[in-house]
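Structural overview for review
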Amino acid sequence: MTGSRHHCAQGRIVRRNSATDHAPPSLSFRLSRFVDVDNRFSNPVVKLFVLPMNGAMAASSHRITLGPLVAAIDQGTSSTRFLVFNSKTAELLSHHQVEIKQSFPKEGWVEEDPKEILQSVYECMERTCEKLTQLNIDISNIKAIGVTNQRETTVVWDKETGEPLYNAIVWLDLRTQSTVERLINKTPGKNKNHLKHKTGLPISTYFSAVKLRWLMDNVDEVHEAVVSHRAMFGTVDSWLIWCLTGGKSGGVHCTDVTNASRTMLFNIHTLDWDPELCTYFGIPMEILPRVRSSSEIYGLMKICSSRKSGVLSGIPISGCLGDQSAALVGQMCFQEGQAKNTYGTGCFLLRNTGAKPVMSDHGLLTTVAYKLGRDKPACYALEGSVAICGAVVRWLQDNLGIIGSSEELEKLAASVGTSYGCYFVPAFSGLYAPYWEPSARGIICGLTQFTNKSHVAFAALEAVCFQTREILDAMNQDSGIPLTQLQVDGGMTSNRLLMQLQADILCIPVVKPSMPETTALGAAMAAGAAEGVSVWSLSPEDLSEVTSEKFEPQINPEGTVSRRCLAKSSVAATLKSKRSVCVFSESEFRYARWKKAVQKSMNWETTEPVCNGNGETSIFSSIPLGLYIMGSMLMLVGAKYLAGRD
């Protein structure tokens, strides 16, 4: 091994400069090899863990004992993972990942099979246990399991049969747009923020309540199960915990405060389901899961002994966080003002606002960040949510076929270093923060005969960065204190060009942890810290140091791949002393053009199409076209009448 290496000294990970360096003579230690069986690292690296020879971590000749281990189920929109961490060092020991199939039955509809989601969890657990066995790591040292999940995605199942009553309606789904429009039109002043004082959320297709209402109104099986008191509702965390703790044979029906706060049925002040909100949406409270903290024992794993993962039976499930809250914990953003941005299927920027909820005046959400214990206070966050981030890569790959992989996107974009005037607004599911405009649809504009697929690829990456800047500007305006750096995580952070572009467009450093699985890490931390488990300390002095890579804003005379930009938010004029002020650049010009493109994407879809008796869409479903035709007919009749008088 010729590169740098790490060793443990007094609980901290320290980077050493040479493979020939030696540990301090006062530290008695032994090196243990960790084989990268998951191929997680781009370079062939053998990681070295230094285990202090103090009796806390002793290895037999046949099996390596690393002290208490904690696992995490990370069930995301596009894939499921099961990961195992060392609770003392936060090192990822092994993991397995399975992709999840999405279905699109109609335009704007997005669904997933709850049974496939559950099966993917079992498969990931079994394969990870196999890998740990190959590493001679004792699986019985797993002391707790945490769950983190795609939020808002809605599942309804029969508690007697244990069967889902319909596919899971994914958070991206737009089928409830007409319902949302009707609800907003009924509010005083047609105000989409009518419920925000209780929920912290606008009335939107994004959240669970309208998806659940649609299921009750349109799926007979769901309606009948609700009437006969057999229905259970939950987000994906509730479905998984219920199934993994016994299902129809005594499974625990619960959720945590972070997932509950994304339903529009939860009062973020009382930290419980709100009867008035449930009445507003017509949801019976008996079908809702019990709300718990993010860190406590919910129940014990019950897995059939015939499964390879049966060895996990009896382990407590003791952590539960929505994926973005889990990433905030995994990034160790425990102090007010700290923030992180996750680049996954969507893009989610969360800023810790402390023990009191802060209501946004600039299009952001107020959400529960975490509650790490039954007797611990809840912590809140401001959130900027972008619907389409990594999903644009899949769209370019699967729908247009201009790339074969996500890695190819980076190469294509880097080959030109500019979008050459092309702008891409990927509003496939409308626009989320800060606009909350469901009528928007995706557009690519500014095309010329010179534009090619490389320019479109670059525009797609810039779109991710511009959307992040919009929500960061809103967050800076709400707080009055601009961020000085942005902590990032998620799958797209492996794209180095994207990270550099983001730093250039924000004009602040972007900091990426060397261990990318911060979402799963956050769930594991919550599980390991739970009362009754207590193998993971969340005290600031005990938290492991995180190695990271920093992308600094760059100056490029040509203004292509890297640029400096101006302090951007409206509060910048009064905060110049706290931020670097740079000359106006091409980046500012392109951002202004991006904002213009966003405006062009709005108001494409306002209502559901009106069909005639044959099931065909009527031309009168387009209000402007209908008015035009009716006006033309009236003019013709009037002209004929006047001609007759002559």
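I will try to describe carefully the structure that is included in this document. (Residues numbered from 1 in each chain as written. Predicted model: local features only at pLDDT ≥ 70, side-chain atom pairs only at ≥ 80, totals over all residues. Heavy atoms only, no water.)

What follows deals with the packing of helix α9 (residues 323–330) against helix α14 (residues 518–529). In the contact formed by α9 and α14, the axes pass within 7 Å of each other and the chain directions differ by 80°. Here α9 lies roughly perpendicular to α14, going by the angle between them. Between α9, through Asp323, Ala326, Ala327, Val329 and Gly330, and α14, the contact on the second element is made entirely by Thr518, Thr519, Leu521, Gly522, Ala523 and Met525. Looking at side-chain class alone, the contact of α9 with α14 contains six nonpolar, four polar and one charged residues. (Axes fitted to C-alpha atoms, helices over the stretch in contact; angles between N-to-C directions. Helix = DSSP H or I, 4+ residues; strand = E, 2+ residues; numbered from the N terminus. Parallel < 35°, antiparallel > 145°, perpendicular 65-115°, else oblique. Contact = heavy atoms within 4.5 Å. Nonpolar A, V, L, I, M, F, W, Y, C, P; charged D, E, K, R; others polar.)

Here we come to the pattern of salt bridges. Pairing is possible between side chains that carry opposite charge, provided their charged atoms lie close to one another. Here the structure, examined in full by the defined rule, presents 22 salt bridges. Between Arg81 and Glu517 there is a salt bridge, with its nearest N and O atoms 3.5 Å apart. Remark: Glu517 occurs in the loop between β26 (510–513) and α14 and Arg81 occurs in strand β6 (residues 79–86); sequence separation between them is 436 residues. Neither Arg81 nor Glu517 differs from the other in exposure class; each is buried. When the shortest N-O distance is used, the salt bridge between Glu296 and Arg292 registers 2.8 Å. On the accessibility criterion, Arg292 (11% relative accessible area) is buried. Among the ionic contacts, a cluster of salt bridges with common partners joins Arg151, Glu152, Arg262, Asp323 and Glu383. (Salt bridge = Lys/Arg side-chain N within 4 Å of Asp/Glu carboxyl O. Buried < 20%, exposed > 50% of the residue type's maximum accessible area, 1.4 Å probe, protein only.)

With that settled, the discussion passes to the packing of aromatic side chains. Applying the stated rule across the entire model yields 22 aromatic pairs. With a centroid separation of 5.6 Å and 45° between ring planes, the pair formed by Trp157 and Trp242 is classed as tilted. Remark: Trp242 occurs in helix α6 (residues 236–244) and Trp157 occurs in strand β10 (residues 154–158); sequence separation between them is 85 residues. The exposure classification of Trp157 matches that of Trp242, with both residues buried. Considering the side-chain rings of Tyr206 and Trp436, the 6.0 Å spacing of their centres and the 20° angle between planes classify their relative orientation as stacked. Here Tyr206 is found in the loop between α3 (196–199) and α4 (208–218), whereas its partner Trp436 is found in the loop between β23 (423–425) and β24 (443–445), with 230 residues between them in sequence. When its relative accessible area of 8% is taken as the criterion, Trp436 is described as buried. By the ring-pair criterion, three or more aromatic residues cluster together here, those being Trp171, Tyr206, Phe207, Phe348, Tyr432 and Trp436. Geometry around Trp214 places Arg175 over its ring, the cationic atom sitting 4.6 Å from the centre. (Phe/Tyr/Trp six-rings, centres within 6.5 Å; stacked < 30°, edge-to-face > 60°. Lys NZ or Arg CZ within 6 Å of the ring centre and 35° of its normal.)

Take it as geometry only, folks, not as evidence of what the structure does.
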